[in-house]
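What the coordinates show
The chain contents come next:
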Amino acid sequence: MIKKLENDFKEHHIHEECGVFGVFSPQTADLASLAYYGLFALQHRGQESAGIVVNDRGLFTYSKDEGLVNEVFSSEGLKKLGNGNIVVGHVRYATTGSDRKRNAQPIVINHHKGRMALAHNGNLTNSYELRSELEMRGSIFHTTTDSEAICYIIVQERLRTPSIEEAVYEAMGRLEGAYSLVISSPSKLIAARDPHGFRPLCMGKTKDGKIVFASETCALDAVGAEFVRDIAPGEIVTVGAEGIKSDTRRCNTRTKNLCAFEFIYFARPDSVIDGTSVTLARHKAGAFLAQEHPVEADIVMGVPDSGLDAAMGYSEESGIPFKLGFTKNKYIGRTFISPGQEHREQGVNIKLNPIKSIVDGKRIVLIDDSIVRGTTCRGIINQLRKAGAKEIHMRISAPPFISPCYYGTDVDDTDNLIAAHHTVEQIAEIIGVDSLGYLSVEHLREIATQSGNLCTACFDGKYPTVIPKDGNKDKFEKKIGDSSEE
């Protein structure tokens, strides 16, 4: 039975959601280049598409396309965007809507009171209801993302409110789920974070007075901005000619639920999210793993890159030496041709290769951030066996995935989660390890205590919001006949 089921789990990796970036400058400046560097620092959060909108006193110039940041923007392309006093940027991985080019952000809207550009990180849980309501009122959608619904709702509110920030406040009353937003009106830059704080958002300031918003602090570092503070869950921060204003009316209206996977995998190690160093959080996860799942071994290894910090934490706690036992090919980008099933093992070898002199004859503790379907880690285990590993004890710095995520993480189908259908012992047999141990949910909650309560719904099925009836990320791309509605 196990043998039959193991072939049902195809190659899969947990993907990042998106990265947002914005700058307000007191003077007109070359903000496109600044956005380029900021987005480059956030590239790990999305590799499908990238976009930049430059606002020069109400005149919006933008460029967005499928691809990595350095593929979408050339030096000449950045120059064509011109100078401005506001810029909004975005890197995307599809969490709702799969069409990469059409759904590239930021989204630019022209309406009765001017223009608006919006970049969104997260996923709405009531997007289907909102979109249906908007379509019934005559809205015409050009993308298949929930982000466009956010744009239309803000515009609707803007037509009846005195300011863009008040429109955002009213719109937030209609949005459910995860959203960190960076928005440009003709004269203001706005950052807003949902009341649960599912996704991170921070603010910084450059020496010459520019205000910067970004998904992670690593983007602030990349543009020479000093970290000021995190945007609070439910907060709206507006930057304009009159300075910086904060609206906290929606703060503390919900329990904070920052995504735990930000610390396990998503965020860059050099980032600090809501007061917690990502690197230190991963070290803690590894230390907790050593306490929960001790084993006699010769070396501790991490699967590059996100498994390395947790492996060091395991090593320090257990006293077992840490070794860099893999060589990773750094030149494989999005253009690498994924191998077919018959060549899958060769494909894994190209990306990651064990160092035989380190692993041969050794009892190994192998640390990785997660197991989704099991295929990828099984290939890595096979490589280690061929390189002479005597024993392999796998430890995972996250609990087992048993439930889909509706807040922006690419875990959308329980059928594809190996832990939802197998015991830990069965998974160990499927992937070919001598033992397997996961981090407990209880210890996961302790890796980032400074950051407040963490969302662990994909690990325990306890959702902080009402979940959607249709959680498929491509739900707005169904063909005629896929639904009973006509």
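Quick caveat: nothing in here was measured; it's all calculated off a predicted structure.

Calculation criteria
- Residues numbered from 1 in each chain as written.
- Predicted model: local features only at pLDDT ≥ 70, side-chain atom pairs only at ≥ 80, totals over all residues.
- Heavy atoms only, no water.
- Pairing = 2+ DSSP bridges.
- Helix = DSSP H or I, 4+ residues; strand = E, 2+ residues; numbered from the N terminus.
- Axes fitted to C-alpha atoms, helices over the stretch in contact; angles between N-to-C directions.
- Contact = heavy atoms within 4.5 Å.
- pLDDT = per-residue confidence, 0-100.

**Examining the sheet that holds strand E22 (residues 435-438)**
- Strand order in the open sheet formed by 4 strands is E17-E20-E21-E22, with parallel pairing between adjacent strands. In this open sheet, the two strands that pair with only one neighbour each are strand E17 (299-302) and E22. This sheet shows a mean twist of 20° between the axes of neighbouring strands, independent of strand direction.
- The pairing of strand E21 (residues 391-396) with E22 spans 4 bridges and is parallel. Bridge pairing in E22 links Met394 to Leu436.
- In the packing of helix H10 (residues 278-292) onto the sheet, contacts are made with strand E20 (363-368), E21 and E22, and the angle to E22 comes to roughly 125°.
- The sheet contacts of helix H14 (residues 375-386) involve E17, E20 and E21, and relative to E21 the element is tilted by about 150°.

**Side note on the confidence of the model for the protein chain**
- For the protein chain, the average pLDDT comes to 89, and 88% of its residues sit at 70 or higher.
- Ignoring residues within four places in sequence, the model shows residues 334-345, a span with pLDDT below 50, making 14 contacts including any to other chains.
- For residues 476-486, every residue scores under 50 in pLDDT, and the model assigns this stretch 12 contacts once sequence neighbours within four places are set aside.

**Some points on unusual backbone geometry**
- Going from Gln105 to Pro106, the amide bond is cis rather than trans, its omega being 5°.
- Tracing the sequence through the fold places Pro106 in the loop between strand E4 (84-92) and strand E5 (107-111).
- Note that the residue after Pro304, namely Asp305, is joined by a cis bond; omega there is 0°.
- When you line up the elements, Asp305 lands in the loop between E17 and helix H11 (307-318).
- Positive phi is not limited to glycine here, since Asp274 has a value of about 50°.
- Among the secondary structure elements, Asp274 is positioned in the loop between strand E15 (272-273) and strand E16 (276-277).

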